[in-house]
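Structure at a glance
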Amino acid sequence: MTSLTGMPFASIPSPSQGVWHLGFIPIRAYALCFLVAIVFATWLSERRWRARGGKKGTISDIAVPGVIFGLIGARLYHVITDWQTYFGPRAIKEPYQALFIWEGGLSIWGAVALGGVGVWLACRRRGLSLGAAADTVAPTIAFGQAIARWGNWFNQELYGGPTTLPWGLEIDQAHGGTPGVLYHPTFLYESLWDAALGFALILAGRRFTLRHGRLFALYVAGYTFGRFWIEGLRVDPVGGVDHAVTLLGLRINQWTSIVLFIGALVYMWVTRNKDVEEIVEPASQHKASHEENGGRAADPIETT
């Protein structure tokens, strides 16, 4: 059913603005969503790490280089794949604006790749098992992505083709929309998928005791599986310049999903029998912590 204006009675409106000013300080919804996602993911990871017998504050310390490296990687991947936004004859932004991460354009692929390097360096310095850290943060990354995707809603990006469904998304003409047309809210699809994935990973970790990076590999497989079909729905232009680059009929992000999905399954198969002890706290620190607790056992909650 549609209204007299031709628009369906039910739809999801897009925010009229994504930036507010506190005096001369701009408050950007996109940045706030990412900040909330990082804080929540770090908090939940701390709880999961301590439940595994790790020391309080370890995840927070590891998160610092992970987030810094992750932001750099996320932006690099975006600039490399959407280079025409900043460089070339059709560029709509100046090259130096490639540094303006608050304007949008952060890729999960680059974030996980380079963020993983930051976490690996931190774990190596502390003498901790990278696999244990990766499995700890796997579901929290999914929850963080579910939160961060709402930043795309404020920026009116990540939307799919036209739809008459009651949850169709309104998009302004300035962001590539057509008056009277609703679009698939692919940002919402991915947010819901990520949230469901986070809960599924927690349950799978408890049920199957996935360790040595296998739970993280399951996260990669689950995320890329969902990202593949969601990405296929998208029609939003890249930086307002053009539609996404395709190869053999698939968007670049779909090909990335395929490669990572296969890689995750291969890793899970190769490590299926790996069962050595993981280090969540160096021996000297574990002894001191044990003495401080009066010999009490660690939190019995299973959060693998």
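Residues numbered from 1 in each chain as written. Predicted model: local features only at pLDDT ≥ 70, side-chain atom pairs only at ≥ 80, totals over all residues. Heavy atoms only, no water.

Where an unreviewed UniProt entry is consulted, the protein appears under the name Phosphatidylglycerol--prolipoprotein diacylglyceryl transferase, with the organism given as Microbispora corallina. Within the UniProt record for the protein, the comment given under Pathway (unreviewed entry) is "Protein modification; lipoprotein biosynthesis (diacylglyceryl transfer)." One UniProt comment on the protein, placed under Subcellular location (unreviewed entry), says "Cell membrane". (UniProt positions renumbered as here; feature names shortened; annotations may be inferred.)

A look at the overall build of the protein
Looking only at helices and strands, one finds nine helices and six strands in the protein. Long-range pairs, those at least 24 residues apart, make up 71% of the contacts in the protein with a sequence separation of at least 6. Surface exposure of the protein reaches about 16300 Å², of which carbon and sulfur atoms provide 67%. (Helix = DSSP H or I, 4+ residues; strand = E, 2+ residues; numbered from the N terminus. Contact = heavy atoms within 4.5 Å. Areas by Shrake-Rupley, 256 points an atom, 1.4 Å probe, with all protein chains shown as cover.)

Points about the packing of aromatic side chains
A full pass over the atoms with the stated rule returns 16 aromatic pairs. Where W153 meets F187, the ring centres are 6.4 Å apart and the plane angle is 15°; that geometry is what we call stacked. Here W153, found in helix α5 (residues 150-154), pairs with F187, found in helix α6 (residues 186-208); they are 34 residues apart in sequence, far enough to count as distant. On the basis of relative accessible area, F187 is assigned to the buried category, the value being 1%. Linked through ring pairs, W20, W150, W153, F154 and F187 together constitute an aromatic cluster. Above the face of the W269 ring, R272 is positioned so that its terminal group lies 3.8 Å from the ring centre. (Phe/Tyr/Trp six-rings, centres within 6.5 Å; stacked < 30°, edge-to-face > 60°. Buried < 20%, exposed > 50% of the residue type's maximum accessible area, 1.4 Å probe, protein only. Lys NZ or Arg CZ within 6 Å of the ring centre and 35° of its normal.)

Comments concerning the pairing of strand β2 (residues 25-28)
Strand direction decides the pairing type here: strand β1 (residues 19-22) and β2, joined by four bridges, are antiparallel. Bridge pairing in β2 places W20 opposite I27. Connecting the antiparallel pair β1 and β2 is a turn made up of two residues, with G23 showing a positive phi of about 70°. (Pairing = 2+ DSSP bridges.)

A short note on the side chain of R149
Among the secondary structure elements, R149 is positioned in the loop between α4 (130-148) and α5. The exposure class of R149 is buried, given its relative accessible area of 12%. A polar side-chain atom of R149 sits 3.0 Å from a polar atom in the side chain of E190. (Polar contact = N/O pair within 3.5 Å; in protein donor to acceptor, adjacent residues only side chain to side chain.)

Description of the nonpolar core
Core analysis: the biggest nonpolar cluster contains 16 residues, and L197, L201, Y219 and Y223 have the highest contact counts within it. For this core, the secondary-structure elements that each account for two or more residues are α3 (108-126), α4, α6 and α7 (214-233). Sorting elements by how many residues they give to this core places α7 first, with six residues. The next biggest cluster of nonpolar side chains, apart from the first, holds nine residues, and it includes W49, A122, L128 and A132. (Core = buried A, V, L, I, M, F, W, Y, C linked by side-chain atoms within 4.5 Å.)

Section: α4
Maximum bend of α4: about 40°, positioned at A138, with proline P139 one to four residues after it. Counted residue by residue, α4 has 15 buried out of 19 residues, so it is predominantly covered. (Bend = angle between axes of the 7 residues up to and from the residue.)

Focus: the pattern of salt bridges
Scanning all chains against the criterion turns up five salt bridges. In this structure, the salt-bridge partner of R126 is D61, at a minimum N-O distance of 2.5 Å. Taken together, the residues span a long stretch of sequence, with R126 in helix α3 and D61 in helix α2 (residues 58-81) at a distance of 65 residues. Given a relative accessible area of 22%, R126 falls into the partly exposed group. (Salt bridge = Lys/Arg side-chain N within 4 Å of Asp/Glu carboxyl O.)

Quick word on the environment of L182
With respect to the helices, strands and loops of the structure, L182 is situated in strand β4 (residues 182-183). What makes L182 buried here is its relative accessible area of 2%. It is 9.5 Å that separates the C-alpha atoms of L182 and P13, two residues lying 169 residues apart in sequence.

Comments concerning the environment of Y77
Relative to the helices and strands, Y77 is located in helix α2. When its relative accessible area of 19% is taken as the criterion, Y77 is described as buried. For the pair Y77 and I108, spaced 31 residues apart in the sequence, the C-alpha separation amounts to 8.7 Å. In this view, Y77 contacts S107, W109, G110, I252, N253 and T256; residues no more than four positions away in its chain are not counted.

So, the UniProt feature "binding site: a 1,2-diacyl-sn-glycero-3-phospho-(1'-sn-glycerol)" (unreviewed entry) in the protein
Under the feature "binding site: a 1,2-diacyl-sn-glycero-3-phospho-(1'-sn-glycerol)" (unreviewed entry), the UniProt entry names R149. When residues no more than four places from it in sequence are discounted, the contact partners of R149 are L158, F187, E190, S191, D194, Y223 and R227.

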